[in-house]
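A closer look at the structure
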Amino acid sequence: MAGGVARLLDSGWGQALFVALLGYPLWTITSRVALVVFGAHPIVYISVTMLATAICLMLLARPGLLGVATLKRPETWLYGILIAVGGLLSIACLEYVSAAELSLLQCISTVVVFILSFFFLGQRVRVAEWLSLACISIGIAALLSATGLPSQAMIILTVLLVARGVAQALQQIVTEVHKANRAAQTFHQNIRVTAMVMGVTGMLFIIVFGSLAGLKALSAEPLWPSLPTWQDFLNWPMFVYCAVVGCLLHAPVRYCEFYATKKISAKYFMAAVSVQPVFTMVYERGLTAAQVVSARAFGWLDY
């Protein structure tokens, strides 16, 4: 039994299953609680949580090999940029659909990552996998049709979803091919690489969106209403919440994501985590029924 668990973890599938069945669903739930209960802005929440995650992982990893090397890798900075782009596109998508609908529509990322892996990484895609991708695409098309949006809005949403899918797929591919990540051999080295990438990503978020918040404050005209303001960055209860979530949940999730992606490839990792909306719904219903979390925390979803 112990040997089987060890092989599962060494293969990367154990980490992928943890992320799919527990990590991502709980991250979604804690994020929604932050937005509704603590009034956090999504971008500020992600920024601060990533910094808390990086600090926690750095303390665990301690100084050593691959720390500076990770900072020097272009993949580290590209990863941060792709997360920022994906976050902006998600906010844009929410102008047209609910968060519940977006959590299902984002399965387009799985289709995109398989296609990119096939054409650019030369990875084989089996016939059964192509058929599965076709089924996912049909499901996404059906969901889009069910939104009942006007034709022009439907076209805009489709473009946004595809762009978001490309950004998220590239983010996972960058994780897979990241040279420092692939060079990491020990537990502490894997943690160290993940910590550096999260630190860079969090700082990029704060610098970029903090600067935009400054421009909004200086402008006489209202600018970019969906982007955060200075007040959003001064939400102290949210900072405490981010520190707890970053250390206890986000840190292990990101570590498992980096390890699993380099072991089983980005396409199979994305395929595994595509089930997370179902488990998110199950956990939300369970927490609400048990009165652990108020239904108000999930009231903005339309399950």
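Treat the numbers as computed from the prediction; the structure is a model and nothing was measured.

Of the regular secondary structure elements, the protein chain holds 14 helices and zero strands. Overall, the protein chain shows an N-to-C arrangement of helices and strands of α-α-α-α-α-α-α-α-α-α-α-α-α-α. Computed over the C-alpha atoms, the radius of gyration of the protein chain is 19 Å, within 12% of the 19 Å expected from 2.2 N^0.38 for a compact globule of 303 residues. In terms of overall dimensions, the protein chain has C-alpha extents of about 55 × 45 × 45 Å along its principal axes.

Now for the packing of helix H3 (residues 42–61) against helix H11 (residues 187–218). Following both chains from N to C, one finds H3 and H11 inclined at 150 degrees, their axes separated by 7 Å at the closest point. The orientation of H3 with respect to H11, classified from their angle, is roughly antiparallel. Of the two possible hands of crossing, H3 and H11 adopt the one that is left-handed. For the contact of H3 with H11, the per-class residue count stands at 17 nonpolar, seven polar and one charged.

Moving on, we come to the side chain of Thr76. By secondary structure assignment, the location of Thr76 is in helix H5 (residues 74–93). Given the relative accessible area of 0%, Thr76 is considered buried. Non-local contacts of Thr76, meaning those with residues more than four positions away in its chain, are made with Thr70, His178, Met196, Val197 and Val200.

A few words now on the nonpolar core. Tyr45 and Phe269 are the most contacted members of the largest nonpolar core, which totals 75 residues. Residues within four places of Phe269 in sequence aside, it is in contact with Ala16, Val19, Tyr24, Gln172, Glu257, Ala260, Thr261 and Ile264.

Bringing the packing of aromatic side chains into the picture now. In this structure the tally under the stated criterion is 15 aromatic pairs. Look at Tyr24 and Phe269: their rings are 6.3 Å apart centre to centre, the planes differ by 85 degrees, and that puts the pair in the edge-to-face class. Here Phe269 lies in helix H13 (residues 266–273) and Tyr24 lies in helix H2 (residues 13–37), a separation of 245 residues in the sequence. For the pair Tyr24 and Phe269, a shared accessibility class is recorded, and that class is buried. Put simply, the rings of Trp27, Phe38, Tyr45 and Tyr241 pair up and form one aromatic cluster.

Let us now look at the pattern of salt bridges. Across all of its chains, the model carries three salt bridges by this definition. Measuring nitrogen to oxygen at the nearest pair gives 2.9 Å for the salt bridge that ties Glu75 to Arg73. Note that Arg126 and Glu129 form a salt bridge whose closest N and O atoms lie 3.2 Å from each other. Residue Arg126 is classed as partly exposed on the basis of its relative accessible area of 43%.

The description of two helices packed together rests on the angle between their axes and the distance between the axes. The geometry of H2 relative to H3 is characterised by a closest axis approach of 10 Å and an angle of 125 degrees between their N-to-C directions. Accordingly, the angle class assigned to the pair H2 and H3 is oblique. Viewed along their axes, H2 and H3 form a crossing whose handedness is right-handed. Contacts from Trp27, Thr30, Ser31, Ala34 and Leu35 in H2 reach Pro42, Tyr45 and Thr49 in H3. Looking at side-chain class alone, the contact of H2 with H3 contains five nonpolar, three polar and no charged residues.

The end-to-end C-alpha distance of helix H7 (residues 108–120) is 18 Å, a good match for the 18 Å that 13 residues give at a rise of 1.5 Å each. The complete set of buried residues in H7 reads Ile108, Ser109, Thr110, Val111, Val112, Val113, Phe114, Leu116 and Ser117.

So, on to the confidence of the model for the protein chain. Overall, the prediction assigns the protein chain a mean pLDDT of 85, with 91% of residues at 70 or greater. Long-range and interchain partners of residues 299–303, a stretch whose pLDDT sits below 50, account for 17 contacts in this model, where long-range means more than four residues apart.

Criteria and thresholds
In this numbering scheme, every chain counts its residues from 1 along its sequence in written order. Confidence filtering applies because this is a predicted model: local features only for residues at pLDDT of at least 70, side-chain atom pairs given and counted only at 80 or more, and all residues used for totals across whole chains, interfaces and linings. Computation of side-chain values covers all heavy atoms of the structure but excludes hydrogens and water. Helix and strand assignments come from DSSP, with helices taken as H or I runs of at least 4 residues and strands as E runs of at least 2, each series counted from the N terminus. In this description the radius of gyration comes from C-alpha coordinates, and the expected globular size is given by 2.2 Å times residues to the power 0.38. Lines fitted to the C-alpha atoms define the axes, with helices restricted to the stretch that makes contact. Angles between their N-to-C directions range from 0 to 180 degrees. Roughly parallel means an angle under 35 degrees; roughly antiparallel, over 145; roughly perpendicular, 65 to 115; everything else is oblique. For any pair of crossing helices, the crossing counts as left-handed if the nearer helix is rotated counterclockwise from the farther one by less than a right angle, and right-handed if it is rotated clockwise. Residue classes follow a fixed rule: Ala, Val, Leu, Ile, Met, Phe, Trp, Tyr, Cys and Pro count as nonpolar, while Asp, Glu, Lys and Arg count as charged, and any other residue, Gly among them, counts as polar. For every residue, the accessible area (1.4 Å probe, protein chains only) is compared with the maximum for its type, and the residue is labelled buried under 20%, exposed over 50%, or partly exposed between those bounds. Any two residues whose heavy atoms approach within 4.5 Å at even a single point are treated as in contact. Remark: nonpolar core denotes a set of buried residues (Ala, Val, Leu, Ile, Met, Phe, Trp, Tyr, Cys) joined through side-chain atoms within 4.5 Å. Only Phe, Tyr and Trp rings are paired, with Trp represented by its six-membered ring, and only when their centres lie within 6.5 Å; those with planes under 30 degrees apart are stacked, over 60 edge-to-face, the remainder tilted. When a carboxyl oxygen of Asp or Glu lies within 4 Å of a side-chain nitrogen of Lys or Arg, that pair is called a salt bridge. An expected span of 1.5 Å times one less than the residue number is assigned to each helix. Every residue gets a pLDDT, meaning the predictor's confidence in that residue, from 0 to 100.

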